[in-house]
Amino acid sequence: MSAPLLNPPQRAAIHYLDGPLLVLAGAGSGKTRVITYKIAHLVREGGIPARHIAAITFTNKAAREMLERVGKLMTSAEIRGITVSTFHSLGMHILRQEAPHLGYKPQFSILDSYDAGKIIADILNTTSKDEIRKVQSQISLWKNDLKTPDDMLLAAQDQWESVCAQTYLAYQDTLTAYQAMDFDDLIRLPVQLFREHPEVLLKWQGKLRYLLIDEYQDTNTCQYQLVKLLTGVRGLFTAVGDDDQSIYAWRGANMENLRLLQQDFPALKVIKLEQNYRSTARILRAANSVISNNPKLFEKQLWSELGLGEPIHVVQCKDEEHEAETVVQRLLAHKFEFRTEFKDYAILYRGNYQARIFEQALRNQRIPYQMAGGQSFFDKPEIKDLLAYMRLIANPDDDPAFIRAITTPKRGVGAGTLEKLGAWSGQYGKSLFAAAHDAGLRVQIQAAQLAPLEQFCDFISQLQYRATREEAGKLALELLQAIGYEAWLYDGEDSPKIAETKWKNLLEMVAWLARKGSDDGKNLIELTQTIALITMLEGRDEGEVDAVRMSTLHASKGLEYPHVFLVGCEEGILPHSESVENGMVEEERRLMYVGITRAQRSLTLSYCVKRRRAGEWQFIEPSRFISEIDGDDLRHFGKPGAEPLVSKTEGKSRLANLTAMLAGKDKSGDPPQN
DNA sequence: AGCCGTGGCTTGGTG
DNA sequence: AGCCACGGCT
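Worth saying up front: this structure is predicted, and the values here are computed from it rather than measured.

Analysis parameters
- Every chain's residues receive numbers from 1 upward, in the order its sequence appears when written.
- In the order they appear in the text, chains get letters beginning with A and ligands get numbers beginning with 1.
- It should be noted that, the model being predicted, local features are given only for residues of pLDDT at least 70 and side-chain atom pairs only at 80 or more, the latter also being counted only at that level, while totals for whole chains, interfaces and linings use all residues.
- Excluding hydrogens and water, the side-chain figures rest on all heavy atoms present in the structure.
- Numbering of helices and strands runs from the N terminus; a helix is a DSSP stretch of H or I covering at least four residues, while a strand is a stretch of E covering at least two.
- Atoms considered for the radius of gyration are the C-alpha atoms alone. The globule rule reads 2.2 Å times the number of residues to the power 0.38.
- Burial classification: accessible surface area is computed with a 1.4 Å probe over protein chains only, and a residue below 20% of its type maximum counts as buried, one above 50% as exposed, and the rest as partly exposed.
- Every residue pair with non-hydrogen atoms within 4.5 Å of one another is taken to be in contact.
- Under the convention used here, Asp and Glu are negative, Lys and Arg are positive, and both His and the chain ends fall outside the count.
- Where a charge lies is defined by one atom per residue type, namely NZ (Lys), CZ (Arg), CG (Asp) and CD (Glu).
- For this text, the term disulfide refers to a pair of cysteine sulfurs within 2.5 Å.
- Only a single heavy atom is needed: when it lies within 4 Å of a molecule or strand, its residue is near that molecule or strand.
- Polar contacts, as counted here, are pairs of nitrogen or oxygen atoms within 3.5 Å of one another; within protein the pair requires one atom able to donate a hydrogen and one able to accept it, and residues that are adjacent in sequence qualify only if both atoms are side-chain atoms.
- With a 1 Å grid spanning the protein atoms alone, the term cavity applies to any set of points in which a 1.4 Å probe fits but cannot get out, the term pocket to an open set with protein on both sides within 12 Å along at least five of seven lines, and the term lining residue to any residue with an atom within 4 Å of a point.
- Grid points are joined across faces, edges and corners, and a volume is the space filled by probe spheres set on the points.
- Each residue is assigned to one class: nonpolar for Ala, Val, Leu, Ile, Met, Phe, Trp, Tyr, Cys and Pro, charged for Asp, Glu, Lys and Arg, and polar for all the others, Gly among them.
- We call Phe, Tyr and Trp rings a pair once their centres come within 6.5 Å, taking the six-membered ring for Trp, and we label the pair stacked below 30 degrees between planes, edge-to-face above 60, and tilted otherwise.
- Both a distance and an angle decide whether a charge sits over a ring: NZ of Lys or CZ of Arg must be within 6 Å of the ring centre and within 35 degrees of the ring normal.
- Only strands that DSSP links by at least two bridges are regarded as paired with each other.
- The axes used here are C-alpha line fits, helices contributing only the stretch in contact, and every angle between their N-to-C directions lies in the interval 0 to 180 degrees.
- Convention used here: angles under 35 degrees read as roughly parallel, angles over 145 as roughly antiparallel, angles from 65 to 115 as roughly perpendicular, and any remaining angle as oblique.
- Helix crossings fall into two classes, left-handed where the near helix is turned counterclockwise from the far one by less than a right angle and right-handed where it is turned clockwise.

### Let's talk about the overall build of chain A
And step 1. For chain A, the count of helices and strands is 30 helices and 19 strands.
And step 2. The C-alpha radius of gyration computed for chain A amounts to 28 Å, which stays within 12% of the reference 26 Å derived for 674 residues, consistent with globular compactness.
And step 3. Each principal axis of the C-alpha atoms in chain A carries an extent, and together these give about 85 × 60 × 55 Å.
And step 4. Within the span of chain A, comprising 674 residues, buried residues form 54% of the whole.
And step 5. Relative to all contacts within chain A whose residues are 6 or more apart in sequence, the contacts with residues 24 or more apart total 78%.
And step 6. For chain A, the separation between the mean place of its 81 positive charges and that of its 88 negative charges on side chains is 4 Å.

Here it is in structure tokens:
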């Protein structure tokens, strides 16, 4: 990424303003650079003020990074009013203003997938997480494909699809009743809005005149329609993507969108970025060679000026334990030999479950490591408790929030009362909160139960009033104190230590609300409305810690590491057996391609000869993808007739000494994160 | 009968 | 690490 100047295709992509443009940006070819430079170019040379430019990404992280890099190129006056956001937050932004056109209130709630799962569990009347997950993802796929419940009730091919379609219908009705949307709705509903209300579309087309779309290959049908609607006949956009890195078809991403772009915009100009600034030629040769086995819409060959580099090491291991040990030993030996740091290494794997054994091996050698991802701050139960109150204050129709709030902590409103309330609200088509005020219901409830219910509703009403007038952080803290949450935490099942952590998290949340509230001039309600889309990941100092990175292949996309170990390169794992059965090997190959192209200087592929499965030792074939790499670029270890696992320059005993020495000397082996 | 610990198994995961 | 199924316990 340290190209001093722009190369010719990059420059062409930046300067082309006359019509629709697709930039096929190979791995490590400087695509973020192109997007950010293009934004600057649009403003300075293209005469398009920043307020008419929207750069759309998939993740908050990408949006943050892009804004940061744009901020380094331009003055704050130049970038004023620019939209750099995820698809979801753009959709939300539109819907907050236009919700009434769709029969929603502007203060609708946003449910995360966990909340949505609970609704689906209720409808299905099941507790099996697996079943819920399957139905939920089917509904999500349909939504992303712009299919309505009615469409699917008609089109259902079998019993299962029919159950899903019925669940979909009931689920959508429930969401409407709650004045709530799920993540998919945030993109689906703007499309519906724009189709039904051309005048509204016109307004937004006037506002967002030039679009830049990052990771275009990951768009689903719904997202593409949104782009297409917004860009209209003018077709002023730059889509940046790489068909070879499309690894999210299972989540609804539609590679067909690349072909559609050519079809829907005949004037589409296509520019390829093929110079890679990340990896050695050897690594790119391997990547090109593997991916050449996939049918291609656009031909693309990555090349680099960073020198040939070392052959790719292929390590055969006896079993998974041996693989973990071997990888860790080779990592240590390499670190010693080349005087690198732990953070220069990554271990990449197909499935999360593979991580465990490598964690163990790393811990045994006292090697610090860091796992990708992690739980979002806002997903912690104690935070969700507070959020339930905030959601209810922002949207009194949010029934799930009502239930969670009124029962956390328990305040004398029991299941019986809630049942009566639920029945009444259902009968009169009201939310729980609204129904609670009905005189007709109240006569059915005994005074002892009515008092706490009344008290709760008054409490919420009071907060609603104060939320628009008072400072968010202060109000949230008062709320927690009023409900006695801290005492409730210590009274509960948690150990005092856990209770303390949870309370500290809440105080951090309060501080966050206070800071964000005053920075952005937002009250508690406005903050609540954006929170569902924010991910505040733990391990804030990510990137600086000297620790080996561990990640799934999926989560590694977009990242790079000097030295990569790609483990479990076996038939059944990579490609995954499920994918082989479903004829999805091409996507697995792209996954392999993504893995290979993460490496800057060295790449090691490892596989096991046998694995424990169902209590039996099962023999495994190495991944077909290894044999798709030219043998001249490979160097085998651990195979009969090939080099031994421990290279000849270092006898086994010497490596053992070395390992022990490193383990003893290197006291940086702090307890690993998480 | 319900509650638990244990062991086997596991595609991937952003908003 | 999580989820489920199973078996042993109260």
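### Examining the state of the cysteines
And step 1. Under the criterion given, the structure shown has zero disulfides.
And step 2. In this model C222 remains outside any disulfide bridge; the closest cysteine sulfur is found in C164, 19 Å from its own.
And step 3. Look at C222 and you get buried, because its relative accessible area is 1%.
And step 4. The structure places no disulfide on C608, whose sulfur is separated from the nearest cysteine sulfur, that of C317, by 5.5 Å.
And step 5. Judged by its relative accessible area of 0%, C608 is buried.

### Description of the protein's contact with DNA strand C
And step 1. All residues adjacent to DNA strand C are S128, K129, D130, Y353 and R356.
And step 2. A distance of 3.0 Å separates a phosphate oxygen of DNA strand C from a polar atom in the backbone of K129.
And step 3. The contact in question runs from a phosphate oxygen of DNA strand C to an N or O atom on the backbone of D130, over 3.5 Å.

### A look at the environment of Q179
And step 1. Checked against the element boundaries, Q179 lands in the loop between α8 (159–177) and β5 (180–181).
And step 2. Look at Q179 and you get buried, because its relative accessible area is 9%.
And step 3. Distance in space between the C-alpha atoms of Q179 and A267 is 42 Å, their sequence separation being 88 residues.
And step 4. Apart from the residues lying within four places of it in its own chain, the contact partners of Q179 are G103, Y104, K105, F108, S109, N395 and D397.

### Points about the layout of surface pockets
And step 1. If you add up the space inside the second largest pocket, you get close to 1,100 Å³.
And step 2. If you trace the second largest pocket, you find 32 residues lining it, with V84, S89, K516, K522 and I534 closest to the centre.
And step 3. Taken together, the elements giving at least two residues each to the lining of the second largest pocket come down to α3 (60–73), β3 (83–86), α4 (87–98), α24 (496–520) and α25 (524–531).
And step 4. The dominant element in the lining of the second largest pocket, judged by the number of residues it contributes, is α4, at six residues.
And step 5. Among the residues making up the lining of the second largest pocket, the classes are represented as 11 nonpolar, 11 polar and 10 charged.

### Observations concerning the packing of aromatic side chains
And step 1. Taken as a whole, this structure holds 13 aromatic pairs when the rule is applied.
And step 2. Considering the side-chain rings of Y104 and F108, the 6.3 Å spacing of their centres and the 75 degrees angle between planes classify their relative orientation as edge-to-face. As far as burial versus exposure is concerned, Y104 and F108 are alike and both buried.
And step 3. For the pair F378 and W512, a centre-to-centre distance of 5.4 Å together with 70 degrees between the ring planes defines the contact as edge-to-face. Here the residue F378 occupies a position in the loop between β13 (369–371) and α16 (381–394), and W512 occupies one in helix α24, the gap between them amounting to 134 residues.
And step 4. By relative accessible area, which is 5% here, F378 ends up buried.
And step 5. Put simply, the rings of Y389, F402, F433 and F456 pair up and form one aromatic cluster.
And step 6. We note R96 situated over the ring of F108; from NZ or CZ to the ring centre the distance is 4.0 Å.
And step 7. When the ring centre of F342 is taken as reference, the NZ or CZ atom of K335 above it lies at 4.3 Å.

### Side note on the sheet that holds strand β2 (residues 53–57)
Pairing between the strands of a sheet comes from backbone hydrogen bonds, and it takes one of two forms, parallel or antiparallel.
And step 1. One open sheet accounts for six strands, arranged β3-β2-β6-β7-β1-β8; its pairing is parallel. A strand with exactly one partner marks an edge of an open sheet, and here the two such strands are β3 and β8 (269–273). Within the sheet, the average angular offset between the axes of one strand and its neighbour, ignoring direction, is 15 degrees.
And step 2. Sheet topology places strand β6 (residues 210–213) next to strand β7 (residues 237–241); three bridges connect them, and they run parallel. Residue L212 lies in a different strand from β7, and its bridge partner there is T238.
And step 3. Where helix α2 (residues 31–44) meets the sheet, it contacts β1 (21–25), β2, β6, β7 and β8, and its direction lies at approximately 170 degrees from that of β6.

### Some details on the packing of helix α1 (residues 8–15) against α2
And step 1. Axis separation between α1 and α2 bottoms out at 8 Å; the angle between their running directions is 40 degrees. Between α1 and α2, the angle is such that the two are oblique. Crossing angle aside, the handedness with which α1 passes α2 is right-handed. Contacts between α1 and α2 involve Q10, A13, I14 and H15 on the former and, on the latter, R33, V34, Y37, K38 and H41.
And step 2. Partitioning the contact of α1 with α2 into residue classes produces four nonpolar, three polar and two charged.

### Re unusual backbone geometry
And step 1. Note the cis peptide between T408 and P409, where omega equals -10 degrees.
And step 2. Here P409 shows up in the loop between α17 (399–406) and α18 (415–428).
And step 3. Note that the residue after L574, namely P575, is joined by a cis bond; omega there is 10 degrees.
And step 4. For N125, which is not glycine, the phi dihedral falls at a positive 55 degrees.
And step 5. Of note, N125 is situated in the loop between α5 (113–124) and α6 (129–144).

### Regarding the sheet that holds β13
And step 1. Pairing is parallel in the open sheet, where seven strands are placed in the order β13-β14-β12-β15-β16-β11-β19. Since the sheet does not close on itself, it has two edges, and those belong to β13 and β19 (634–637), each with one partner. Pairwise comparison of adjacent strand axes, ignoring direction, gives a mean angle of 20 degrees for this sheet.
And step 2. Bridge analysis of strand β12 (residues 345–349) against strand β14 (residues 548–552) gives four bridges, and the strand direction is parallel. Following the sheet pairing, L348 is matched in β14 by S551.
And step 3. The strands touched by helix α13 (residues 281–291) are β11 (312–317) and β16 (599–608); relative to β16, the strand with the most contacts, the crossing angle is about 50 degrees.
And step 4. Across the sheet, helix α15 (residues 355–364) lies against β12, β13 and β14, angled at about 160 degrees from β13, the strand it touches most.

### Details of the environment of Q600
And step 1. Counting through the fold element by element, Q600 comes out in strand β16.
And step 2. In the structure, Q600 is positioned 353 residues away from I247 in sequence and 21 Å away in space, judged by C-alpha atoms.
And step 3. Those residues in contact with Q600 that sit more than four places away from it in its chain are R278, S279, T280, I283, E560, Y561 and P562.

### Looking at the side chain of N294
And step 1. As for its position among the elements, N294 is in the loop between α13 and β10 (303–304).
And step 2. Classification of N294 by relative accessible area gives buried; the value is 6%.
And step 3. Those residues in contact with N294 that lie beyond four places of it in its chain are E586, R589 and R590.

### Some thoughts on the environment of D398
And step 1. Note that D398 resides in the loop between α16 and α17.
And step 2. In the structure, D398 is positioned 364 residues away from V34 in sequence and 43 Å away in space, judged by C-alpha atoms.
And step 3. Sequence-distant contacts of D398, defined by excluding residues within four places in its chain, comprise S109, Y178, R391 and L392.

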